[in-house]
Amino acid sequence: MTPILPADVTVRLATPEDRPTVERLWLLFRHDLSEFDGALPGPDGTFRSECVEYAFTRPGWAPYLFLKGERPAGFAFVRGLDGPARVLNSFFVVRGARRRGAGTHLVRDVLRRHPGTWEIAFQDTNPAAVRFWPHVARELAGRAWTRELRAVPDRPELRADVWISFTVTG
């Protein structure tokens, strides 16, 4: 099998017709995260998915789809486009496209579409995220980024999330 390289994957705004594909990718994303947050699917076998709804319907949100040719390779949800800081709400690259620089290429593309202040949260129990997100911040902002722990709103039983903040220019 030929590895997927950064040049092989593209980013585009997801359309309403893409929503079923994004919903299936969401299940893979939530399954991956369940290793770190202990979440289980509901009785119907699906995970909470209100963020998918928000990404496709709420003002200030934008869903992106990652593709290798016509095949889905992941997605990103951005929120806060109507506020002072953009938030990368969700970011997912399928396992077959990871660890070859594609993720860095894809997130850079998404963030540069919306220049300004960015905030990204991740769990410090996820070793890949602990390596990846500071790497992204350094690449896009040099040393001009911050890291802080923030409690998860309305979820005192969960560990605090790590939040990084930096500015992306066009």
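Everything that follows concerns the structure shown earlier in this document.
The structure reproduced in this document is the subject of the present report.

1. A few points about the overall build of the protein chain
- Counting its regular elements, the protein chain contains four helices and seven strands.
- Helices (α) and strands (β) of the protein chain occur, in sequence order from the N terminus, as β-α-α-β-β-β-α-β-α-β-β.
- Radius of gyration (C-alpha) of the protein chain: 16 Å, near the 15 Å computed for a compact globule of 170 residues.
- Its C-alpha atoms give the protein chain principal-axis dimensions of roughly 40 × 40 × 35 Å.
- Counting all 170 residues of the protein chain, 43% fall into the buried class.

2. Things to note about the sheet that holds strand E1 (residues 10-13)
- Pairing within the open sheet is mixed, and its seven strands lie in the order E1-E2-E3-E4-E5-E7-E6. Strand pairing shows two members of the sheet lacking a second neighbour, E1 and strand E6 (145-150), which therefore form its edges. Here the strands of the sheet are splayed against their neighbours by 30 degrees on average, with no regard to which way each runs.
- Bridge count between E6 and strand E7 (residues 161-168): six bridges; the pairing is antiparallel. Bridge pairing links Thr-146 to Ser-165 in E7.
- Packing against the sheet, helix H1 (residues 19-37) makes contact with strand E2 (62-68), strand E3 (71-79) and strand E4 (85-93), and its axis sits at approximately 80 degrees to E3.

3. Considerations on the side chain of Asn-126
- Considering the arrangement of structural elements, one finds Asn-126 in the loop between strand E5 (116-122) and helix H4 (127-141).
- Apart from residues lying up to four places away in sequence, Asn-126 is in contact with Leu-33 and Phe-36.

4. Describing the packing of helix H3 (residues 102-112) against H4
- Two elements in contact, H3 and H4, have axes separated by 11 Å at closest approach and are oriented at 55 degrees. When the axes of H3 and H4 are compared, the pair comes out oblique. Crossing of H3 against H4: the hand is right-handed. Seen from H3, the contacting residues are Gly-103, Thr-104, Val-107, Arg-108, Leu-111 and Arg-112; seen from H4, they are Phe-132, Trp-133, His-135, Val-136, Glu-139 and Leu-140.
- Residue composition of the contact of H3 with H4, by class: six nonpolar, three polar and three charged.

5. Examining the packing of aromatic side chains
- Taken as a whole, this structure holds 12 aromatic pairs when the rule is applied.
- Relative to Phe-75, the ring of Trp-26 lies with its centre 6.1 Å away and its plane at 40 degrees, an arrangement referred to as tilted. Note that Trp-26 is positioned in helix H1 and Phe-75 in strand E3, a separation of 49 residues in sequence. With respect to class, Trp-26 is no different from Phe-75; both count as buried.
- Summarising the aromatic geometry, the rings of Trp-26 and Phe-77 are spaced 5.8 Å apart at their centres and angled 15 degrees between planes, so their arrangement reads as stacked. Within this pair, whereas Trp-26 is found in helix H1, its partner Phe-77 is found in strand E3, the two being separated by 51 residues in sequence.

6. What to know about the nonpolar core
- Counting residues in each nonpolar core, the largest one holds 47 residues, and the members touching the most others are Phe-66, Leu-88, Leu-111, Trp-133 and Phe-166.
- The biggest single contributor to this core is H4, with six residues.

7. Quick look at the packing of H1 against helix H2 (residues 50-57)
- Direction vectors running N to C along H1 and H2 enclose 150 degrees, while the axes themselves pass 10 Å from each other. The element H1 and its partner H2 pack so that their crossing is right-handed. Between H1, through Arg-19, Val-22, Glu-23 and Trp-26, and H2, the contact on the second element is made entirely by Cys-51, Val-52, Glu-53, Phe-56 and Thr-57.
- For the contact of H1 with H2, a count of residues per class yields five nonpolar, one polar and three charged.

Cut-offs and rules
Every chain begins its residue count from 1, and numbering advances along the sequence as written. The model is predicted, so local features are restricted to residues of pLDDT at least 70 and side-chain atom pairs to those at 80 or more, both for listing and for counting; the totals for chains, interfaces and linings are taken over all residues. Only hydrogens and water are set aside; all other atoms, that is, all heavy atoms of the structure, feed into the side-chain values. By definition, any uninterrupted DSSP run of H or I lasting at least four residues is a helix, any uninterrupted run of E lasting at least two residues is a strand, and each is numbered from the N terminus. The globule rule used here is 2.2 Å times the number of residues to the 0.38 power, and the radius of gyration it is set against is calculated over C-alpha atoms. Exposed residues in this analysis have more than 50% of their type's maximum accessible area, buried residues have under 20%, and partly exposed residues fall in between, with area computed by a 1.4 Å probe over protein chains only. Here, a strand pair is defined by DSSP locating no fewer than two bridges between the strands. For helices, the fitted axis covers only the stretch in contact; all axes are lines through C-alpha atoms, and the angles between them, taken along N-to-C directions, range from 0 to 180 degrees. In what follows, residue pairs with any heavy atoms lying within 4.5 Å of each other are defined as contacts. In these notes the angle categories are as follows: under 35 degrees is roughly parallel, over 145 is roughly antiparallel, 65 to 115 is roughly perpendicular, and the rest is oblique. Should the near helix be turned anticlockwise from the far one by less than a right angle, the crossing is left-handed, and should it be turned clockwise, the crossing is right-handed. The nonpolar class holds Ala, Val, Leu, Ile, Met, Phe, Trp, Tyr, Cys and Pro. Asp, Glu, Lys and Arg form the charged class, and all remaining residues, Gly among them, are polar. Stacked, tilted and edge-to-face pairs are distinguished by plane angle, under 30 degrees for stacked and over 60 for edge-to-face with tilted covering the rest, among Phe, Tyr and Trp rings (Trp via its six-membered ring) whose centres lie within 6.5 Å. In plain words, nonpolar cores are sets of buried Ala, Val, Leu, Ile, Met, Phe, Trp, Tyr and Cys residues tied together by side-chain atoms within 4.5 Å.

Function cannot be inferred from these measures alone, as they are strictly geometric.
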